[in-house]
Amino acid sequence: MTSKKFLFTSESVTEGHPDKVCDQISDAILDEFLTKDPSSRVAAETTATTGMVLVCGEITSNCYVDIPQVVRNTVKSIGYTGTSGGGFDADTCAVLTSIDEQSIDIAGGVNKALESRSENADTSSSETSNIGAGDQGIMFGFACNETPELMPLPISLAHKLSYRLTQVRKEGLLSYLRPDGKSQVTVEYVDGKPSRIHTVLISTQHAPEINGISDNSKIQSIIRDDLKRLVIDYVFETESIKLDSDTIILINPSGRFVVGGPQGDTGLTGRKIIVDTYGGYSRHGGGAFSGKDPTKVDRSAAYAARYVAKNIVAAGLADKCEIELAYAIGVAEPVSIFVDTFGTGRISDDEISSLVRSNFDLRPAAIISNFDLRNLPAKNGGKFYQKLAAYGHVGRTDLVVPWEQLDKVDSLKKSLDNSLALC
């Protein structure tokens, strides 16, 4: 039988990418509100362009937050300051805000779920335990056994490259680098498993001169040598699949990348949702995460779906698992739960779906409580969601993230053993 081969590619971006700048601003605002008032309702959208940041949205809270100062602090922490900002400066950019309160119609459905108003409602439950979903929609979670963190290999490698690109800039190892950058990794699969690294691509913003050298061909040669040694080789040194003699390495293939960040391309919150999740390897419901408080199931339910899928794979129920959750605004229980193990399950997908329903509480209030989503910023020095806003919301190993925990593995293993014993 002939082996089935295919190529799969995922990309990541650095925290200085204009869209990621906006994601981090939106989440920094969320962090600040939740730190001061954990009950805050936040939907903060950001756009950034040459010399300007605009924050708009709906926020209801019992506290005051100096949004312009949060914006400037975030932009500064990314590295857009003075001449190193490449034309975008935290201290001089205009910051505009247009904020309303959350719609009372939305709040009515979220504050108390439809089920809690029914005749059969459990009247012993508190109002907060019966909060409804903040919107309708579908959310996906995924896990596979390609990496130790149970993520697809292409997006895992792309994130590591982008993270390292920022690290060498901020640590001064490559001081000529500027904040904007991208990575992309193509992996060759054989019979559904990663076999080799086909292509590695990095594009990075840089200063117009390096060590007094202004000739672009010489500049690009320096960048290629430095990034191969300090970024690409550094990342792959600890990977089980190494680069080989046929691996294609592309560094700044456009030939020059001086104008970047919000000056080179307008940024917008929520425009990198595939980078935020599984790099296209799994389906996506379409909802962005950043700037949204935990009552928005676009965010909290997507985290819960990852938690479910990861525990299923870690428990050995399947090699790959994708979970779809669907919600109706104002209703607590998911409208549907769908499980797909792509033929890798040790028991049927229907049986796994039953295990999900019996082992996981996927109501919004339960998700918020189990992951302590309202209090994570305060527990992490006032910054949690902002840190998630670059290099992925799932599969993180550099942060303690509650939806990455594997505390359901033992109960799922017992259920698996019981199911196999009955076969």
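Reading the values: rules and limits
Throughout this description, residue numbers start from 1 for each chain and increase along the sequence as written. Since the coordinates come from a predicted model, pLDDT governs what is reported: local features require at least 70, and pairs of side-chain atoms require 80 or more to be given and counted, while whole-chain, interface and lining totals use all residues. Note: side-chain values were computed over all heavy atoms of the structure, leaving out hydrogens and water. Any two strands with at least two DSSP-identified bridges between them are counted as paired. Going along the chain from the N terminus, every DSSP run of H or I of four or more residues is numbered as a helix, and every run of E of two or more is numbered as a strand. Two distance rules govern patches: like charges are joined within 9 Å, and nonpolar side chains (Val, Leu, Ile, Met, Phe, Trp, Tyr) within 5 Å, applied only to residues with over 30% relative accessible area and no salt bridge. Here the Shrake-Rupley method, with its probe set to 1.4 Å, supplies the accessible areas, and only the displayed protein chains count as covering residues. The working definition used for a salt bridge is a side-chain nitrogen of Lys or Arg within 4 Å of a carboxyl oxygen of Asp or Glu. Only four residue types enter the tally: Lys and Arg on the positive side, Asp and Glu on the negative side, with His and both chain ends excluded. Charge coordinates come from a single atom per side chain, which is NZ of Lys, CZ of Arg, CG of Asp or CD of Glu. Relative accessible area decides the class of each residue, using a 1.4 Å probe on protein chains only: under 20% of the type maximum gives buried, over 50% gives exposed, and in between gives partly exposed. Residues are treated as being in contact if the distance between any of their heavy atoms lies within 4.5 Å. Using a grid of 1 Å spacing that covers the protein atoms alone, one calls a set of points a cavity when a 1.4 Å probe fits there but cannot get out, and a pocket when the set is open and has protein on both sides within 12 Å along at least five of seven lines; lining residues are those with an atom within 4 Å of a point. Grid points are joined across faces, edges and corners, and a volume is the space filled by probe spheres set on the points. All residues other than Ala, Val, Leu, Ile, Met, Phe, Trp, Tyr, Cys, Pro, Asp, Glu, Lys and Arg, Gly among them, are scored as polar; the first ten of these are nonpolar and the last four charged. For this analysis, a nonpolar core means a set of buried residues of the types Ala, Val, Leu, Ile, Met, Phe, Trp, Tyr and Cys, connected via side-chain atoms within 4.5 Å. Of all possible arcs, the one meant is that of the directions from the helix axis to the C-beta atoms.

J.: Mind showing me how you'd approach the sheet that holds strand S4 (residues 94-100) here?
T.: Picture the strands of a sheet paired through backbone hydrogen bonds; they go either parallel or antiparallel. If you walk across this open sheet you meet the four strands as S4-S3-S2-S9, and the pairing is mixed. Each edge of the sheet is formed by a strand with only one pairing partner; in this case those strands are S4 and strand S9 (267-268). Looking at chain direction, strand S2 (residues 41-49) and S9 are connected through two bridges and run antiparallel. Its bridge partner being in S9, Thr47 is matched across the sheet by Leu268.

J.: What is the right way to read a negative patch on the surface from this model?
T.: Among the surface-exposed residues, Glu45, Glu58, Asp100 and Glu101 lie close enough to one another that they form a single negatively charged patch. Along the polypeptide, Glu45 turns up in strand S2. Judged by its relative accessible area of 31%, Glu45 is partly exposed.

J.: So what exactly am I meant to see when it comes to the environment of Glu58 here?
T.: Turning to its location among the elements, Glu58 is positioned in strand S3 (residues 52-60). Overall, the relative accessible area of 36% leaves Glu58 in the partly exposed class. Each C-alpha atom of the pair Glu58 and Ser77 lies 25 Å from the other, and the pair is 19 residues apart in sequence. Apart from residues lying up to four places away in sequence, Glu58 is in contact with Arg41, Val42, Ala43, Asp100, Glu101 and Gln102.

J.: What am I meant to see in the pattern of salt bridges here?
T.: When charged atoms on two side chains of opposite charge get close, those side chains can pair. Tallied over the full model, the rule gives 22 salt bridges. Close ionic contact of Arg306 with Glu404 constitutes a salt bridge, the shortest N to O distance being 2.9 Å. Of this pair, Arg306 sits in helix H8 (residues 297-314) while Glu404 sits in the loop between helix H12 (385-388) and helix H13 (409-422), placing them 98 residues apart in sequence. We classify Glu404 as buried; its relative accessible area is 9%.

J.: Mind showing me how you'd approach the layout of surface pockets here?
T.: The probe, sized like a water molecule, is rolled over the atoms to show the empty space still left. There is about 580 Å³ of room inside the largest pocket. For the lining of the largest pocket, the secondary structure elements donating two or more residues are helix H4 (153-170) and helix H5 (216-236). For the lining of the largest pocket, the element with the most residues is H4, which contributes seven residues. A per-class count over the lining of the largest pocket returns 10 nonpolar, eight polar and seven charged. For the second largest pocket, the calculated volume is near 340 Å³. In this structure, the second largest pocket is lined by 16 residues; those nearest its centre are Glu15, Gln24, Lys170, Lys387 and Tyr391. For the lining of the second largest pocket, the secondary structure elements donating two or more residues are helix H2 (67-78), H4 and H12. Per-element accounting of the lining of the second largest pocket gives the leading share, four residues, to H4. Taken together, the residues that form the lining of the second largest pocket break down as five nonpolar, five polar and six charged.

J.: Just to check I follow, could you spell out the nonpolar core for this structure?
T.: It is characteristic of soluble globular proteins that their nonpolar side chains tend to be buried jointly. Membership of the largest hydrophobic core comes to 105 residues, with the highest contact counts inside it found for Leu227 and Trp403. By residue number, the principal contributor to this core is H8, which donates 11 residues. Those residues in contact with Leu227, other than ones at most four positions away along the chain, are Leu165, Leu174, Tyr176, Leu177, Ile202, Thr204, Ile232 and Ile251.

J.: What should I look at first to understand helix H9 (residues 349-359) in this one?
T.: Every α-helix carries 3.6 residues per turn, so stepping three or four residues along brings you back to the same face. Turning to H9, its buried residues are Ile352, Ser353, Leu355, Val356 and Asn359. Looking straight down H9, one finds its buried side chains confined to an arc of 160°; they lie on one side. Opposite the buried face of H9, by more than 90 degrees, sit the exposed residues Asp350, Arg357 and Ser358.

Scope: geometric values only; no functional claims are made or implied.
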